Protein chains: 2
Amino acid sequence: MEAQTSCCAIYNCEICDYRADERCTGCRSGNLDLKERVGAACAVFECVISRQIHSCLECSEAGCRLKRSVEMICPLRGLFEKKRWWAGRMSRALESRRRRAANTEYDRKMSERVVNRLRWYLVALDSFEVEGYESVSSWQLAERVGVSSALIRKDLSRFGEFGTPSYGYRTAFLRDRIRAILRLDKPRGIVWVGACMLRHHASDIERLYRNNCRLLGVFDTDEGEIGQRVGNFKVEHIDRVAEVIAGAEVSAAVIAVTSPRAQQIAETLVNLGAKAILNLSGQLINLPYNVRVSSLDVAGELLELCYYC
Amino acid sequence: MEAQTSCCAIYNCEICDYRADERCTGCRSGNLDLKERVGAACAVFECVISRQIHSCLECSEAGCRLKRSVEMICPLRGLFEKKRWWAGRMSRALESRRRRAANTEYDRKMSERVVNRLRWYLVALDSFEVEGYESVSSWQLAERVGVSSALIRKDLSRFGEFGTPSYGYRTAFLRDRIRAILRLDKPRGIVWVGACMLRHHASDIERLYRNNCRLLGVFDTDEGEIGQRVGNFKVEHIDRVAEVIAGAEVSAAVIAVTSPRAQQIAETLVNLGAKAILNLSGQLINLPYNVRVSSLDVAGELLELCYYC
DNA sequence: TAGATTGTTAATCGATTAACAATC
DNA sequence: TAGATTGTTAATCGATTAACAATC
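Values in this document were obtained by computation on a predicted structure and should not be read as measured data. Just so you know, the residues in each chain are numbered from 1, in the order the chain's sequence is written. By the order in which they are written, chains take letters starting at A while ligands take numbers starting at 1. Per-residue local features of the predicted model are confined to residues with pLDDT of at least 70, and side-chain atom pairs are confined, for both listing and counting, to 80 or more; whole-chain, interface and lining totals are unaffected and use all residues. Hydrogen atoms and water are omitted, and side-chain values are computed over all heavy atoms in the structure.

### Examining the overall build of chain A
Working definition: helices are DSSP H or I runs of at least four residues, strands are E runs of at least two. Numbering for both runs from the N terminus. Within chain A, the regular secondary structure consists of 13 helices and 14 strands. The contact definition used throughout considers only heavy atoms, calling two residues in contact when any of these lie within 4.5 Å. Across chain A, the fraction of contacts at a sequence separation of at least 24, relative to all contacts at a separation of at least 6, is 57%. Accessible surface is estimated by sampling points in the Shrake-Rupley manner with a 1.4 Å probe; for residues, cover comes only from the protein chains shown. Surface exposure of chain A reaches about 14,200 Å², of which carbon and sulfur atoms provide 48%.

### Here we look at the state of the cysteines
By definition, disulfides here are pairs of cysteine sulfur atoms that lie within 2.5 Å. The tally for this structure, following the rule as stated, stands at 0 disulfides over all chains. No disulfide involves Cys 306 of chain A; its nearest neighbouring cysteine sulfur is the one of Cys 213 of chain B, lying 3.8 Å away. Accessible area is worked out with a 1.4 Å probe on protein chains only. A residue is then buried under 20% of its type maximum, exposed over 50%, and partly exposed in between. Since its relative accessible area comes to 1%, Cys 306 of chain A is described here as buried.

### With respect to the packing of aromatic side chains
Within a pair of aromatic rings, the relevant descriptors are the distance that separates the centres and the angle that separates the planes. Residues and elements named next belong to chain A. Aromatic pairing here means that ring centres of Phe, Tyr or Trp (its six-membered ring) are within 6.5 Å. Orientation follows from the plane angle: under 30 degrees is stacked, over 60 is edge-to-face, and everything else is tilted. Tallied over the entire structure, the rule returns 6 aromatic pairs over all chains. With a centroid separation of 6.2 Å and an interplanar angle of 80 degrees, the aromatic rings of Phe 162 and Phe 173 are classed as edge-to-face. You can see Phe 162 sitting in the loop between helix H7 (149–157) and strand S5 (163–164) and its partner Phe 173 sitting in helix H8 (residues 171–181), a full 11 residues away along the chain. By relative accessible area, which is 9% here, Phe 162 ends up buried. Judged by its relative accessible area of 29%, Phe 173 is partly exposed.

### Some words on the sheet that holds strand S6 (residues 168–170) of chain A
A pair of strands counts as paired when DSSP detects no fewer than two bridges linking them. Taken in spatial order, the 3 strands make up an open sheet running S4-S6-S5 (chain A), and their pairing is antiparallel. Every other strand in the sheet has two partners, leaving strand S4 (135–136) and S5 of chain A as the edge strands with one partner each.

### Concerning the pattern of salt bridges
Throughout this description, the term salt bridge denotes a Lys or Arg side-chain nitrogen within 4 Å of a carboxyl oxygen of Asp or Glu. Evaluated as defined, the whole model comprises 28 salt bridges over all chains. Arg 175 of chain A is the salt-bridge partner of Glu 129 of chain A, the closest N and O atoms lying 2.6 Å from each other. Of the two residues, Glu 129 of chain A is situated in helix H5 (residues 112–130) and Arg 175 of chain A in helix H8; the sequence distance between them amounts to 46 residues. Between Glu 112 of chain B and Arg 292 of chain B there is a salt bridge; the shortest N-O distance is 3.0 Å. Taken as a pair, Glu 112 of chain B in helix H5 (residues 112–130) and Arg 292 of chain B in strand S14 (residues 292–295) lie far apart in primary sequence, 180 residues in all. Looking at Glu 112 of chain B, the relative accessible area reads 48%, which means it is partly exposed.

### Section: unusual backbone geometry
Its identity as a non-glycine residue notwithstanding, Ala 246 of chain A has a phi of 45 degrees, on the positive side. Counting through the fold element by element, Ala 246 of chain A comes out in the loop between helix H11 (241–245) and strand S12 (252–255). Under the relative-accessibility criterion, Ala 246 of chain A is labelled exposed at 56%. Not every positive phi belongs to a glycine, and Arg 183 of chain B is a case in point at roughly 55 degrees. The topology assignment puts Arg 183 of chain B in the loop between helix H8 (171–181) and strand S7 (188–193). Residue Arg 183 of chain B is classed as partly exposed on the basis of its relative accessible area, which comes to 33%.

### Remarks on the sheet that holds strand S6 (residues 168–170) of chain B
Hydrogen bonds between backbone groups are what pair the strands of a sheet, and the pairing can be parallel or antiparallel. Residue and element names in this part refer to chain B. Pairing is antiparallel across the open sheet formed by 3 strands, whose spatial order is S4-S6-S5. If you trace the sheet from one side to the other, it starts and ends with strand S4 (135–136) and strand S5 (163–164), each paired once. Taken together, the 2 bridges between S4 and S6 define a ladder with antiparallel strand orientation. Considered in S6, the bridge of Ser 135 is made with Arg 170.

### Regarding helix H10 (residues 202–210) of chain A
Listing the buried residues of H10 of chain A in full gives Asp 204, Ile 205, Arg 207 and Leu 208 of chain A. Across the axial projection of H10 of chain A, the buried residues extend over an arc of 160 degrees, all falling on one side. Seen from the buried face of H10 of chain A, the exposed residues on the opposite side, beyond 90 degrees, are Ala 202, Glu 206 and Arg 210 of chain A. Where H10 of chain A is buried, its residues touch H5, strand S7 (188–193), helix H9 (195–199) and strand S8 (213–220) of chain A together with helix H13 (298–307) of chain B. Just downstream of H10 of chain A, Asn 212 of chain A is the residue with a positive phi angle, here 65 degrees. This arc is built from the directions going out from the helix axis to the C-beta atoms.

### Notes on the environment of Val 114 of chain A
Residue and element names in this part refer to chain A. Mapped onto the elements of the fold, Val 114 is located in helix H5. On the basis of relative accessibility, which here comes to 2%, the residue Val 114 falls in the buried class. Measuring from C-alpha to C-alpha, the distance between Val 114 and Gln 228 comes to 40 Å, with 114 residues separating the pair along the chain. Once you skip the residues sitting within four places of it in the chain, Val 114 turns out to touch Asp 155, Arg 158 and Phe 159.

If you want it as structure tokens, here you go:
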């Protein structure tokens with residue numbers, strides 16, 4: 001177990017200015033209750049060898065995943081993997097804390113299910129408007145979206161009284177209110193990685209523009225794509241992303257590459273300030289808990305659907 | 001209210017052979033409790049004018065949405081919209097029944113959230129296997145998928161005991177078990193509509209093949225695409241789908257067209273036997289409750305993500 | 001044997017539904 | 001006024017978590 005002497009973590013936080021300076025259990029006895037220790041104060045994992053600081057679990061700052069930081073701290077991979085009780089115990093102890101921290105990050109008022117439904121209400125309202133409906137009732141909306149009318153009324157009533165009894169909701173008014181709730185008026189900057197996929201989403205981009213989402217640049221890893229044009233953009237190499245974006249505020253990024261570098265690209269984009277990643281690569285991406293990842297995977301989704309056949 | 005005399009529905013079912021032959025409340029008093037009536041027997045909506053039969057709420061057969069059938073029955077749109085209490089009452093009364101019916105369709109043992117997670121466990125297991133892991137513990141899997149380890153153990157324990165205490169799960173074994181649970185060994189036939197999009201999903205198709213999903217044909221509405229080739233397929237017009245498929249069993253279909261005909265195409269495919277539709281069109285699709293629809297919408301998803309920025 | 005990790009239980013948490021008074 | 005539909009409450013339902021005995 002002497003090799004694990006190097007697997008120490010010093011509890012320390014740049015933000016809270018707390019420094020426990022205690023060795024981790026990995027080096028000594030396995031009986032020490034890590035949960036207690038960590039609970040006592042904000043913890044940043046600092047590698048005693050490289051002095052690199054990793055995620056603070058309390059503030060959710062910096063933040064690279066625990067497992068990875070452990071691997072970085074302990075380069076003796078073979079030994080570590082044969083006996084990974086240290087990482088195991090640690091990870092289990094911290095799991096629920098991190099989860100809690102991640103949840104309080106976002107607006108407590110609105111669950112992600114509500115946000116998702118509001119988005120579909122908007123699509124339905126648009127279609128009702130096109131069909132010339134001045135007003136819609138909750139059951140009409142429910143019918144089209146595929147949820148219950150009670151849920152629609154409940155969802156909407158969180159944010160105010162938008163309807164009129166016995167009449168329903170004025171289509172245009174409700175549409176505007178939902179747009180405001182979803183903050184679709186605020187301008188956003190999007191980085192797109194994967195030029196090929198972008199070409200097939202021209203209509204999507206148009207819809208984004210209508211909702212104040214601007215594309216900041218198009219990037220790729222594939223040398224064949226670099227220099228090509230997509231719409232108004234020249235495709236740049238992903239390695240040049242910081243340079244090309246040059247200070248523009250990145251809200252979200254789309255990763256639509258086929259190369260297996262999705263994880264690495266995602267990390268680059270997070271460092272650039274992206275707070276949300278749309279992952280179309282079909283690969284799993286792991287990011288700090290304060291970054292939101294949404295994965296759309298056509299093949300996976302189809303396989304899932306087949307289950308119901 | 002005389003105009004609504006034509007808005008009658010005869011309760012009648014082709015499948016159960018029940019025919020109540022009673023007029024709907026719309027024509028007479030509004031006090032009749034439709035819920036009771038409908039509850040008494042299987043109901044199909046038959047238009048007294050066109051004699052067209054609409055969805056049976058009991059068997060979930062045929063099935064076009066209630067609202068649409070009402071509109072068809074009552075062509076006096078102006079009048080109907082000014083005073084739609086009939087449709088409102090009806091719809092509200094039936095809403096929860098249909099919902100219940102839809103839920104009992106599927107395997108009660110496994111919620112859709114579980115199915116979705118299993119799919120991601122599979123992706124994670126694949127990646128662990130590639131990295132050479134012989135075994136994984138629930139927290140390792142949890143870490144990579146982004147759920148809690150308790151949930152993973154709970155999910156897996158529904159189907160048997162796949163792990164070994166103090167050791168974890170054997171990667172290859174667990175992978176095979178999950179594949180079996182998701183029935184990925186069973187061959188499936190897929191219809192793809194929207195040639196352009198398919199070209200950008202070559203790698204997805206490959207993954208489908210590895211999981212026994214076979215493409216039956218590629219179709220489109222765009223005349224420019226008809227006759228072109230995609231992989232091994234010649235693109236055919238969607239109107240020829242029945243002819244081209246010719247009796248092959250359709251499990252699921254992908255609708256990836258940009259034209260606003262998504263709803264209509266979906267109905268065609270359901271008539272061909274599709275039990276699940278993957279909707280990439282960005283449009284809302286409404287289908288009978290025994291058909292599963294999953295919508296992936298890049299622009300919408302991205303707008304939703306921006307909310308969290 | 002000591003320590004790790006599973007499978008499972010009970011407790012908690014959150015989301016959805018049914019129902020209805022208030023309102024138009 | 002009669003009837004429709006909202007907003008909201010309490011009840012229900014289901015999903016997730018924490019915890020721990022059983023097991024390796």
